[in-house]
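# Structural characterization, general
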Amino acid sequence: GVAFDRVLVYGLAGAAYGWITSDPVARNLDGSPQYGLPMAAWVGLIIGFGLSILLMFKPHLAKIIGPIYAVAEGVFVGALSKMYESLWDGIVVQAAGATLGVFFVMLFLYRTRIIKVTEKLRAVVTAATLGVMVFYGVAFVIRLFAGSDSVSFLSSPSLLGIGFSVLVAGIAAFNLLLDFDFVERGAKQGLDKNFEWYAAFGLLVTLVWLYLELLRLPYTGCNPRGLT
């Protein structure tokens, strides 16, 4: 719908800004490469997270919060994408293409009713999503106190790392089905424009999540730039 198109445009604009204004490759005093995200990216992430929590309690503000979230999260995604691209040649195109592919495949499966969104499917996907979010929260706390290498499989191209990334990307893909169902049910019930913006926000959140999971899917098919 119009709301999703606008939110997507805002998100792409934010991503373009994050990409253009970021220079994540720096150098240590000894000349070795140092990688990180600029402050604007972290600010965008924090704002996006805070707005997503706020919208859970104030869904009627979706028309205002949705575009702001899209821009803020876009800045983070754009900067993160540039950092990954600086390390792995072609990874952003690969992840973006895979995201679009998954989106259209899941839309086809939904529209043809090859996969039907039942109460059981909705409950399973919701439980799996909450499980992933809890795991990421615990992993973040562990890394905060024990160091970034304490949960190393999350970013390693090992069999376990790849398997976990594929599993989480699959859960994100199934969340698209819930988003499509949410939009369809809302349209049938004749809900107002605020609902359209809320649905657009939810769909964008899922797409960003799916893209980030595919972006960090341990780098298969991409060549390291080998910066020294």
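The rules behind the values
- Residues numbered from 1 in each chain as written.
- Predicted model: local features only at pLDDT ≥ 70, side-chain atom pairs only at ≥ 80, totals over all residues.
- Heavy atoms only, no water.
- Helix = DSSP H or I, 4+ residues; strand = E, 2+ residues; numbered from the N terminus.
- Phe/Tyr/Trp six-rings, centres within 6.5 Å; stacked < 30°, edge-to-face > 60°.
- Buried < 20%, exposed > 50% of the residue type's maximum accessible area, 1.4 Å probe, protein only.
- Salt bridge = Lys/Arg side-chain N within 4 Å of Asp/Glu carboxyl O.

To continue, consider unusual backbone geometry. The backbone of Arg 113 shows a phi angle near 60 degrees, a positive value even though the residue is not glycine. Mapped onto the elements of the fold, Arg 113 is located in the loop between α4 (91-111) and α5 (119-146).

Scanning all chains against the criterion turns up 10 aromatic pairs. With a centroid separation of 6.2 Å and 50 degrees between ring planes, the pair formed by Phe 135 and Tyr 136 is classed as tilted. Relative to Tyr 198, the ring of Phe 182 has its centre 6.0 Å away and its plane inclined at 65 degrees; by these criteria the two rings are edge-to-face. Note that Phe 182 is positioned in helix α6 (residues 159-189) and Tyr 198 in helix α7 (residues 193-215), a separation of 16 residues in sequence. Relative accessible area serves as the criterion here: at 28%, Tyr 198 is assigned to the partly exposed category. Members of the aromatic cluster, joined through ring pairs, are Phe 103, Phe 104, Tyr 110 and Phe 180.

Let's shift gears to the pattern of salt bridges. Oppositely charged side chains are able to pair whenever their charged atoms sit close together. Enumeration over the complete set of coordinates arrives at six salt bridges. The partner of Arg 122 in a salt bridge is Glu 119, and the shortest N-O contact between them spans 2.7 Å. Taken as a pair, Arg 122 and Glu 119 lie in helix α5 at a separation of three residues, close to a single helical turn. What makes Arg 122 buried here is its relative accessible area of 18%. On the basis of relative accessible area, Glu 119 is assigned to the exposed category, the value being 61%. Where Arg 122 meets Asp 181, a salt bridge forms, and the shortest distance between an N and an O atom there is 2.6 Å. Here the residue Arg 122 occupies a position in helix α5, and Asp 181 occupies one in helix α6, the gap between them amounting to 59 residues. Neither residue differs from the other here; Arg 122 and Asp 181 are each classed as buried. Overlapping salt bridges bring together Glu 119, Arg 122, Asp 181 and Arg 185 as one network.

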